[in-house]
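# Working through the structure, step by step
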Amino acid sequence: MVNVFQKKILIVAVYAAEIMMRNGAEIYRVEDTVTRICKAGRIKHVEVFATPTGIFVSMDSGNENDDPLTYIKRIHETGTNLSKISKVNHFSREFFDTDLSVEEGMDILREIDREEEYPYMVRTLAAAIVCSFFAVIFGGTIIDALVAAISGVSCYCFSIMFRKLNVNSFIRCFFCCGLAALIALLAASSIPDASYDPIIIGTIMLFVPGAAITNAIRDFLSGDMLAGTARLMEALLIAVGLACGAGVVLKVWEMTGGVLV
Amino acid sequence: MTTSLLTQFLYAGLATFGFTIIFRVPKSDIFVCSLIGALGWLTYQVASGYGFTAVMACFLGACTVALLSDIFSKLLKDASTIFIIPGIMPLVPGAGMYRMMLELINNDMSGFATEATQTLLSAGAIAVGLLVMGSLLKMIRMAGKKIRAAF
């Protein structure tokens, strides 16, 4: 016989885990959250296995009449939304400490999941800031910074468009970085004071896989070797995509007679 | 390097600020995140100035970011990933990646090997920095708990 309460707890726990995993949380945090929510529902035996591509949860209340339940959730697209991680983290603690009902918990989670990112314009502006300041840090002039801002905005919009089309991260980084290199080369050949190096580096920094590296290391640290390896490969793939994108455009530019300054 | 340490600090802070928006850091943590990113980059710059290699400087920068993130995550009662992910971004060797690719295009294999090693080691140094600091903090916390339990 299926215990309805147990099933509801399972759904809440898996939903919380899914939100965290899709927004770039570490494995141990996801597993902790599931365990904590299940313990709050007084379920005795809980086993979680989370990887960046899927979550498996199995639980048994220990009563003789109840069947053990298992739920598998496949994770497809992942991004980085640190606010959602923080909120689900707080939610799981609150769920454990207070007597929130399962339905209330589900409502809170739905609200967290619905939460929007910062407005589109603000994010594009942030991309411009990132690119222009990195261009300056890596030896660019004011003009380079301005061009990098333009290239950052266009590449960021481009990458959001790709994300909506569900293109994988390698192709996305490849094309975004290609576009950045093209803009930088056009600027360098038409504006006397601009040089393409800092502009391209500034834009590359926007797509660099810092989050993947960090999460991979934190997964290794807590003993989740499988997840760590998966994330390290993701980081490598993105890095290769970035380098190839810029490389192909630079090479084609050189071959078609454009001069590398 | 023509720019002074102070301007480097400011620029890195503002660049990290941009990342906090893109990664949607909660509003109350944005300032601290930018500060951590800037201090990590400052450590890198100061270490380079004292003659450390880029790899060693990256390691020290990553250690700073990990330590500060842990402290602030305890103070502000939030997950430490929220501080580490934006904070680490300035240290990730994007420039090395680009130069490596440039050498490959110019068919300069020895230059490519140099840059590739440098870039991979820098990325590795970030990893080791986070790893060392993370385990160290974990050990200190465990020891603290044991001592408190003993008395």
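Computed from a prediction, not measured in an experiment: that's the story for all the values here.

### Details of the interface of chain A and chain B
- Taken together, the contact pairs 49 residues of chain A with 46 residues of chain B.
- Summed over both partners, the interface of chain A with chain B comes to about 4300 Å²; 76% of that surface belongs to carbon and sulfur atoms.
- A per-residue breakdown of the area chain A buries against chain B is headed by Leu82, Tyr118 and Ile137 of chain A, which together make up 18% of the total.
- The interface formed by chain A and chain B contains one salt bridge.
- Of the charged contacts, one joins Glu115 of chain A and Arg24 of chain B as a salt bridge, the two residues approaching to 3.9 Å between their closest N and O atoms.
- Applying the counting criterion to the chain A and chain B interface returns nine residue pairs in polar contact (both at pLDDT 80 or more).
- Elements represented by at least two residues in the side of chain A that touches chain B include exactly helix 3 (82–97), helix 5 (120–137), helix 8 (196–207), helix 9 (210–221) and helix 10 (225–255) of chain A.

### A closer look at the domain arrangement of chain A
Residue and element names in this part refer to chain A.
- We note that the domain assignment places domain 1 (4–114) and domain 2 (120–255) within chain A.
- With centres defined by C-alpha atoms, the gap from domain 1 to domain 2 works out at 34 Å.
- Of the roughly 860 Å² buried where domain 1 meets domain 2, counting both sides, 51% is carbon and sulfur surface.
- Contact with domain 2 buries surface across domain 1, with Glu26, Ile27 and Pro52 losing the most and accounting together for 44% of the total.
- Joining domain 1 to domain 2, the criterion identifies one salt bridge.
- In this structure, the connection of domain 1 to domain 2 is made through six residue pairs in polar contact (both at pLDDT 80 or more).
- Broken down by element, the side of domain 1 that touches domain 2 gets its largest block of residues, four residues, from helix 2 (residues 27–40).
- Among the residues making up the side of domain 1 that touches domain 2, the classes are represented as six nonpolar, five polar and four charged.

### What to know about the nonpolar core
- With 124 residues, the main nonpolar core has Ile55, Leu109, Ile200, Leu206, Leu242 and Leu250 of chain A together with Tyr98 of chain B as its most contacted residues.
- The element best represented in this core is helix 1 (residues 4–22) of chain A, accounting for 11 residues.
- Setting aside chain neighbours within four positions, we find Leu242 of chain A in contact with Cys173, Cys177, Ile204, Phe207 and Val208 of chain A together with Met97 of chain B.

### Regarding the packing of aromatic side chains
- Under the definition given, this model contains 12 aromatic pairs over all chains.
- Ring geometry for Phe91 of chain A and Phe95 of chain A: centres 5.5 Å apart, planes at 40°, overall tilted. Highlighted residues: Phe91 of chain A and Phe95 of chain A, both in helix 3, separated by four residues, approximately one helical turn.
- Overall, Phe91 of chain A belongs to the buried group, its relative accessible area being 2%.
- On the basis of relative accessibility, which here comes to 4%, the residue Phe95 of chain A falls in the buried class.
- Taken together, Phe134 and Phe138 of chain A together with Phe19, Phe23, Trp41 and Tyr44 of chain B form an aromatic cluster joined through their ring pairs.
- The ring centre of Tyr118 of chain A lies 4.4 Å from the NZ or CZ of Arg24 of chain B, which sits over that ring.

### What to know about the sheet that holds strand 1 (residues 45–51) of chain A
Residues and elements named next belong to chain A.
- Across the sheet, which stays open at both edges, the three strands sit in the order 1-2-3 with antiparallel pairing between neighbours. Since the sheet does not close on itself, it has two edges, and those belong to strand 1 and strand 3 (69–74), each with one partner. Across the sheet, the mean angle separating the axes of adjacent strands is 5° when strand polarity is ignored.
- The pairing of strand 1 with strand 2 (residues 54–60) spans seven bridges and is antiparallel. Bridging across to strand 2, Val46 finds its partner in Met59.

Thresholds, definitions, all that
- All residue numbers here refer to positions counted from 1 along the written sequence of the relevant chain.
- Working convention: letters from A go to chains and numbers from 1 go to ligands, in the order in which they are written.
- Where totals are concerned, whole chains, interfaces and linings use all residues; where local detail is concerned, this predicted model gives features only for residues with pLDDT of at least 70, and gives and counts side-chain atom pairs only at 80 or more.
- With hydrogens and water stripped out, all remaining heavy atoms of the structure feed into the side-chain values.
- Contacts were defined at the residue level, with two residues in contact if any of their heavy atoms lie within 4.5 Å.
- The term buried area refers to how much accessible surface (probe radius 1.4 Å) is lost by two components on association, counted for both of them together.
- Throughout this description, the term salt bridge denotes a Lys or Arg side-chain nitrogen within 4 Å of a carboxyl oxygen of Asp or Glu.
- Polar contacts, as counted here, are pairs of nitrogen or oxygen atoms within 3.5 Å of one another; within protein the pair requires one atom able to donate a hydrogen and one able to accept it, and residues that are adjacent in sequence qualify only if both atoms are side-chain atoms.
- Counting from the N terminus, the helices are the DSSP runs of H or I reaching at least four residues and the strands are the DSSP runs of E reaching at least two.
- What counts as a domain boundary in this text is fixed by an automatic or database domain assignment.
- For this classification, Asp, Glu, Lys and Arg are treated as charged, while Ala, Val, Leu, Ile, Met, Phe, Trp, Tyr, Cys and Pro are nonpolar and the rest, including Gly, are polar.
- For this analysis, a nonpolar core means a set of buried residues of the types Ala, Val, Leu, Ile, Met, Phe, Trp, Tyr and Cys, connected via side-chain atoms within 4.5 Å.
- Between buried and exposed lies partly exposed: a residue is buried under 20% and exposed over 50% of the maximum accessible area for its type, with that area taken using a 1.4 Å probe on protein chains only.
- Each aromatic pair joins two rings of Phe, Tyr and Trp (for Trp, the six-membered one) with centres within 6.5 Å, and gets the label stacked for planes under 30 degrees apart, edge-to-face for over 60, and tilted for any other angle.
- Only Lys NZ and Arg CZ are tested; either one counts as a charge over a ring when it is within 6 Å of the ring centre and within 35 degrees of the ring normal.
- Two strands are counted as paired when DSSP detects at least two bridges linking them.
- Orientation is described by axes fitted as lines to C-alpha atoms, over the contacting stretch for helices, and by angles from 0 to 180 degrees between their N-to-C directions.

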